[in-house]
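Each chain is listed here by its residues.
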Amino acid sequence: METAFTPVLSLAGGALIGLSAVMLMGLNGRIAGISGIASRLLRRDFGGAADRQGLFFIIGLLLAAPTYAAVTGNWPVQTVSGNIPLLMIAGVLVGFGAVFGNGCTSGHGVCGISRQSVRSLIATATFMTTGIATVFVMRHVIGA
Amino acid sequence: MKNQLKNVSGLLAGFTFGIGLLLSGMADPAKVQNFLDLFGTWDPSLAFVMGGAIAVTFPGFRLITRNSGPVFDVKFHLPSRTDLDARLLTGAAIFGIGWGLGGFCPGPALTALPLAATGTISFVPAMFLGMWLAGQAPFRTALLMNA
């Protein structure tokens with residue numbers, strides 16, 4: 001299914017993501033890496049200041065869509081596959097891979113690259129490559 | 001007091017991040033998968049998301065870290081590792097496969113959770129399971145020999 005090319009909205013949305021990363025670093029001294037922040041919620045010793053500001057970050061994320069809906073009168077448009085087993089497998093791989101590899105699209109892709117971290121640059125190139133390969137196999141080899 | 005202020009700035013940063021994801025289209029898995037579909041219905045929008053984010057973060061981090069520390073903490077908590085190891089590459093490779101399969105990464109999945117699509121409700125608990133799994137003994141120490 002095709003989706004519309006939205007360069008202006010995407011650039012503006014990206015700038016807000018960047019603003020958020022700068023806010024979190026400038027105010028709290030923390031990297032806006034969602035997998036790192038989310039996985040802290042699972043810690044057995046959860047409760048430190050870093051964990052709690054992360055919990056509030058996640059609450060902020062969760063408030064975004066309802067606020068968007070309240071302001072614009074419409075929920076954001078999205079298409080999510082209804083293939084439950086596929087999405088559960090995808091979820092496990094994303095969660096596992098992000099923690100195992102110390103970061104995801106936000107921590108490596110945005111914050112890490114902005115810090116000129118070679119580790120993050122390599123990680124981003126790696127997940128982009130396997131992501132592209134996966135979609136290629138799924139859509140053009142298997143035809144799902 | 002400073003810890004309460006940290007919570008407030010965490011909340012505001014998370015909210016800003018979520019609105020950014022929604023506006024940019026990154027919270028829509030169809031758009032993400034089309035970005036990854038170079039040889040099909042390619043939608044280059046997400047390159048603009050990343051470009052916009054880095055265009056702000058890159059100079060922003062440079063300006064901020066000229067100060068001795070953040071406003072509500074004594075220091076910047078920055079990753080210090082610079083070595084490349086098998087763990088980083090394996091984790092990123094697995095992450096990318098899951099990202100391609102579902103079109104979701106952690107931020108967009110959490111942001112899309114209140115929209116309550118069945119797929120998102122299935123993805124998020126599975127993602128936490130995967131995160132938990134990566135912290136368990138056999139994986140916690142795996143491939144750390146060369147770290």
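Above this note sits the structure.
Parameters and conventions
- Residues numbered from 1 in each chain as written.
- Chains lettered and ligands numbered in written order.
- Predicted model: local features only at pLDDT ≥ 70, side-chain atom pairs only at ≥ 80, totals over all residues.
- Heavy atoms only, no water.
- Contact = heavy atoms within 4.5 Å.
- Buried area = accessible area lost by both parts, 1.4 Å probe.
- Salt bridge = Lys/Arg side-chain N within 4 Å of Asp/Glu carboxyl O.
- Polar contact = N/O pair within 3.5 Å; in protein donor to acceptor, adjacent residues only side chain to side chain.
- Helix = DSSP H or I, 4+ residues; strand = E, 2+ residues; numbered from the N terminus.
- Nonpolar A, V, L, I, M, F, W, Y, C, P; charged D, E, K, R; others polar.
- Core = buried A, V, L, I, M, F, W, Y, C linked by side-chain atoms within 4.5 Å.
- Buried < 20%, exposed > 50% of the residue type's maximum accessible area, 1.4 Å probe, protein only.
- 1 Å grid on protein atoms, 1.4 Å probe; cavity = no way out; pocket = protein on both sides within 12 Å on 5 of 7 lines; lining within 4 Å.
- Points joined across faces, edges and corners; volume = space filled by probe spheres on them.
- Disulfide = S-S within 2.5 Å.

J.: Is there a simple way to explain the interface of chain A and chain B in this structure?
T.: Contact residues are listed per partner, giving 104 residues for chain A and 108 residues for chain B. The contact between chain A and chain B buries some 9,600 Å² in all, and 76% of this surface belongs to carbon and sulfur atoms. On the chain A side of the contact with chain B, A:F96, A:F100 and A:R119 bury the most area, a combined 8% of that side's loss. With a shortest N-O distance of 3.3 Å, B:D85 and A:R119 are connected by a salt bridge. Linking chain A with chain B are 31 residue pairs in polar contact (both at pLDDT 80 or more), by the criterion used here. Looking at the side of chain A that touches chain B element by element, the count peaks at 20 residues for helix α1 (residues 7-28) of chain A. Among the residues making up the side of chain A that touches chain B, the classes are represented as 64 nonpolar, 34 polar and 6 charged.

J.: How should I be thinking about the nonpolar core in this particular structure?
T.: Generally speaking, soluble globular proteins have nonpolar side chains that are buried together. Core analysis: the biggest nonpolar cluster contains 58 residues, and A:F57, B:F17, B:M26, B:W99, B:L110 and B:F123 have the highest contact counts within it. Per element, the largest residue contribution to this core is 7 residues, and it comes from helix α3 (residues 45-64) of chain B. Discounting chain neighbours no more than four positions away, the residues touching B:W99 are A:V94, A:T105, A:F127, A:M128, B:M26, B:V32, B:L36, B:F104 and B:C105. Within the second largest apolar cluster, 5 residues are counted, among which are A:A65, B:I19, B:L22 and B:A27.

J.: How should I be thinking about empty space enclosed by the protein in this particular structure?
T.: Under the counting rule described, the total for this entry stands at 1 cavity of 30 Å³ or more. Of the volumes computed, that of the largest cavity is approximately 190 Å³. Contributing to the lining of the largest cavity are 19 residues, with A:T105, A:S106, A:V110, B:L21 and B:M26 lying nearest its centre. Of the residues that constitute the lining of the largest cavity, the class distribution is 16 nonpolar, 3 polar and no charged.

J.: Sorry if this is basic, but what is going on with the state of the cysteines here?
T.: Two cysteines, two sulfur atoms, one covalent bond between them: this is a disulfide. In the structure shown here, the tally under the stated rule is 0 disulfides over all chains. The structure places no disulfide on A:C104, whose sulfur is separated from the nearest cysteine sulfur, that of B:C105, by 6.1 Å. For A:C104, a relative accessible area of 1% translates into the label buried. In this structure A:C111 is not part of a disulfide, and its nearest cysteine sulfur, from A:C104, lies 9.3 Å away.

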